[in-house]
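# Structural characterization, general
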Amino acid sequence: MKGMTVIVKKVTQIICGITFLYGIYIIIHGHLTPGGGFAGGAIIAGSFILLIIAFGSEFLALKKEETGSSILESSGILIFIIIAILGMVIGGAGIFFVNFLPKWEIGKLISAGVIPLYNIAVGIEVAAALITAFLALLIYRDEVLK
Amino acid sequence: MEILLIVILALMIGGAIFSLEAKDLLSAVIAYGIVGFGLVIAFLLLQAPDLALVQIVVETITLIIMIAVIMNSTQEELKTKWGNKTVVYIVLSLVFIGLFLYIFNRTTGALSRFGEHAMRMSKPYLDPGAEKTGSANLVTGVIFDYRGYDTLGEATVLFTAVIGVLTVLRLKGRKSE
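Residues numbered from 1 in each chain as written. Chains lettered and ligands numbered in written order. Predicted model: local features only at pLDDT ≥ 70, side-chain atom pairs only at ≥ 80, totals over all residues. Heavy atoms only, no water.

### A few points about the overall build of chain B
- Of the regular secondary structure elements, chain B holds nine helices and zero strands.
- The N-to-C order of helical and strand elements in chain B reads α-α-α-α-α-α-α-α-α.
- Relative to a compact globule of 177 residues, whose C-alpha radius of gyration would be 16 Å, chain B shows 22 Å and is clearly more extended.
- Expressed along its principal axes, the backbone C-alpha trace of chain B runs to roughly 60 × 55 × 25 Å. (Helix = DSSP H or I, 4+ residues; strand = E, 2+ residues; numbered from the N terminus. Rg over C-alpha atoms; globule rule 2.2 N^0.38 Å.)

### Looking at the packing of aromatic side chains
- Following the criterion strictly, the structure yields eight aromatic pairs over all chains and no others.
- Taken together, a centroid distance of 6.3 Å and an interplanar angle of 20° make the contact between Tyr22(A) and Tyr25(A) stacked. You can see Tyr22(A) and its partner Tyr25(A) sitting in helix α1 (residues 6-28), three residues apart, about one turn around the helix.
- Judged by its relative accessible area of 39%, Tyr22(A) falls in the partly exposed class.
- Centroid distance Tyr118(A) to Phe144(B): 5.8 Å. Interplanar angle 10°. Geometry classified as stacked. Of the two residues, Tyr118(A) sits in helix α4 (residues 115-145) while Phe144(B) sits in helix α7 (residues 138-146), which places them in two different chains. (Phe/Tyr/Trp six-rings, centres within 6.5 Å; stacked < 30°, edge-to-face > 60°. Buried < 20%, exposed > 50% of the residue type's maximum accessible area, 1.4 Å probe, protein only.)

### Considering unusual backbone geometry
- Positive phi outside glycine occurs at Gln47(B), with the angle close to 60°.
- By the secondary structure assignment, Gln47(B) is in the loop between α2 (25-45) and α3 (49-72).

### Notes on the side chain of His31(A)
- By secondary structure assignment, the location of His31(A) is in the loop between α1 and α2 (37-55).
- His31(A) gets classed as buried once you look at its relative accessible area, which sits at 0%.
- Residues within four places of His31(A) in sequence aside, it is in contact with Lys108(A), Leu109(A), Ser111(A), Ala112(A), Ile115(A), Pro116(A), Asn119(A), Ser135(B), Ala136(B), Asn137(B) and Thr140(B). (Contact = heavy atoms within 4.5 Å.)

### What about the interface of chain B and chain A?
- At the junction of the two partners, chain B supplies 37 residues and chain A supplies 47 residues.
- Summed over both sides, the interface of chain B with chain A buries roughly 3,600 Å², with 77% coming from carbon and sulfur.
- On the chain B side of the contact with chain A, Leu53(B), Phe144(B) and Leu169(B) bury the most area, a combined 16% of that side's loss.
- Viewed at the interface, chain A and chain B are joined by zero salt bridges.
- Here chain B is connected to chain A by five residue pairs in polar contact (both at pLDDT 80 or more).
- Sorting the residues of the side of chain B that touches chain A by element identifies α3, α6 (129-133), α7 and α8 (148-168) of chain B as the ones contributing at least two each. (Buried area = accessible area lost by both parts, 1.4 Å probe. Salt bridge = Lys/Arg side-chain N within 4 Å of Asp/Glu carboxyl O. Polar contact = N/O pair within 3.5 Å; in protein donor to acceptor, adjacent residues only side chain to side chain.)

### A look at α1(A)
- The end-to-end C-alpha separation of α1(A) is 34 Å, in line with the 33 Å expected for 23 residues at 1.5 Å each.
- By the burial criterion, the buried members of α1(A) are Thr12(A), Cys16(A), Gly23(A), Ile26(A) and Ile27(A).
- Those residues of α1(A) that are buried are in contact with α2 and α4 of chain A together with α3 of chain B. (Expected span 1.5 Å × (residues − 1).)

### Some details on the confidence of the model for chain B
All names here are of chain B.
- On average, residues of chain B score 84 in pLDDT, and 95% of them reach the 70 mark or higher.
- The secondary structure element of chain B with the lowest average pLDDT is helix α9 (residues 172-175), at 59, and the one with the highest is helix α4 (residues 84-108), at 91.
- Interface confidence in the predicted complex, given as ipTM, is 0.82; pTM for the same model is 0.81. (pLDDT = per-residue confidence, 0-100.)

Structural data, given as C-alpha cells:
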C-alpha cells in the first residue's frame, strides 16, 4: 500500500498523538464518564491504523519478525483473568470476579475497587487485537504481491 | 424525538438500498457509511453515549479499511443479467418480507410502548448500582461487576478471532511443510 500526500502525512502526525491520549483518557476514566475498555482500546487502535494508512506499508519495512502486539493481546486477557482469580483467592467469599479492593468515594478517579484495573486490561487487549488483525492482513498482502 | 428517529431510520434504509444498487463500489461503501453514522445519531438520541462512542470509532475504522481495499483493487461492480431465476428470487423475497412483517406485527403487540420500559428486572440493578459497585458510570459497573462473565466471554471472542486470522493468514509455516 502506498503512502498519501504530504498534507495528509503532516495532519496525521499532529492528530494521531492526540487520538492516542484521548484513548488513554477514555480507558482510565471508564468508571466515571461514558466509554471504557472497549471504546478506548478501539480509539488507540484507530490512531495506529490512521498512521499506517497515511504513511503506507513500505514505511513499516519489517526486517525481522515482530510479535509485540500479539504478546500484548495475550497478556491483556491474561491480566483480566488473573485479577478475577485474585478476587476468588483474596476476596474471602471464594467467588470469581469479587471486588476485593476498597471502593473509596464515588466519582473520584481512584475509586470503584478493581473496576479501573479491568478497564485497563480490556483496553490493552482490544487495542492490541485490532492492530494485530490489521497488521496480519497488511503483511499478508505485501508478502503475496512479492 | 420519535419523528427525528424515524427520519434517521428512513435515511439509513435509503443508504443501505443505494449501496446495493450503486454502479461504483466506492460510492456503495460511502453510502453504507450512512447506516453506521445514522446508528451513532440514533444511539445519541436514545441516550446511550457508551454505545455511540464504540460505534463511531468502529464505523470509521471499517470505512477507512474498506476504502483502502477498493483503492487497491477494482472499482466496478459485476453486472448481473435478468433471467428466469430472477423472478423466482423476487417472489421468494416478497413472500419472506410478508411473513416477516406478519410475525413482527404479532410479536410487537405484546411489548410495552416505545419509551415506557418494563423496569421490573432493571430496577434492582439501577437503584443500588452506584453504591454496590462504587462506579459512577453505571454501564461500566454492570459490565465489569454484575456481568463480569459476559465481559470475559467477549474478550475471549476477540482473542479467538485474532488467533483465527493469524492462523489463516500464516505464510511461512505453510511453505516449510
